[in-house]
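Summary of the model geometry
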Amino acid sequence: MDLFIHYSALPEGKSLSDVVGELNEALDGAGAVCGGEAGRIDLDLEDENVNPKFAQIAVKSYLQRAGFSRDTLVEIGGMEIGLYE
């Protein structure tokens, strides 16, 4: 299952490679960053038997701690969820 992060800017002091490494660490083997484009990071949730809500919670928690802006969205299964919703 794919999960997408739509963002307008990276947090101050973080590079894209910093964010990718930290996201992979936050997912703890349940998924990994697999690509993206300007303003979007693509993640692949590897274990289809694990409820995707757990990965969504881990990703949202990381994005909040990292300081992503309020307009950041997490998309899973075609549904976009605000970072602070």
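Okay, so let's go over this structure. (Residues numbered from 1 in each chain as written. Predicted model: local features only at pLDDT ≥ 70, side-chain atom pairs only at ≥ 80, totals over all residues. Heavy atoms only, no water.)

It is worth spelling out helix H2 (residues 52-66) at this point. Three- or four-residue spacings in an α-helix give side chains the same orientation, since the helix completes a turn every 3.6 residues. Helix length check: H2 (15 residues) gives 21 Å between terminal C-alpha atoms against 21 Å at 1.5 Å per residue, within 8%. Of the residues making up H2, those classed as buried are Ala55, Gln56, Val59, Lys60, Tyr62, Leu63 and Ala66. With its buried residues spanning 160 degrees around the axis, H2 presents them on a single face. Along H2, the residues that are exposed and aim more than 90 degrees away from the buried face are Phe54, Ile57 and Arg65. Those residues of H2 that are buried are in contact with strand S1 (2-6), helix H1 (16-27), strand S3 (40-45), strand S4 (73-76) and strand S5 (79-82). (Helix = DSSP H or I, 4+ residues; strand = E, 2+ residues; numbered from the N terminus. Expected span 1.5 Å × (residues − 1). Buried < 20%, exposed > 50% of the residue type's maximum accessible area, 1.4 Å probe, protein only. Arc of directions from axis to C-beta. Contact = heavy atoms within 4.5 Å.)

A separate point is the sheet that holds S1. Strand order across the open sheet formed by five strands is S2-S3-S1-S4-S5, with antiparallel pairing between neighbours. For this open sheet the edge positions go to strand S2 (31-37) and S5, each flanked by a neighbour on one side alone. Sheet twist, expressed as the average angle between the axes of neighbouring strands with direction ignored, equals 25 degrees. Alignment of S1 against S3, held across five bridges, turns out to be antiparallel. (Pairing = 2+ DSSP bridges. Axes fitted to C-alpha atoms, helices over the stretch in contact; angles between N-to-C directions.)

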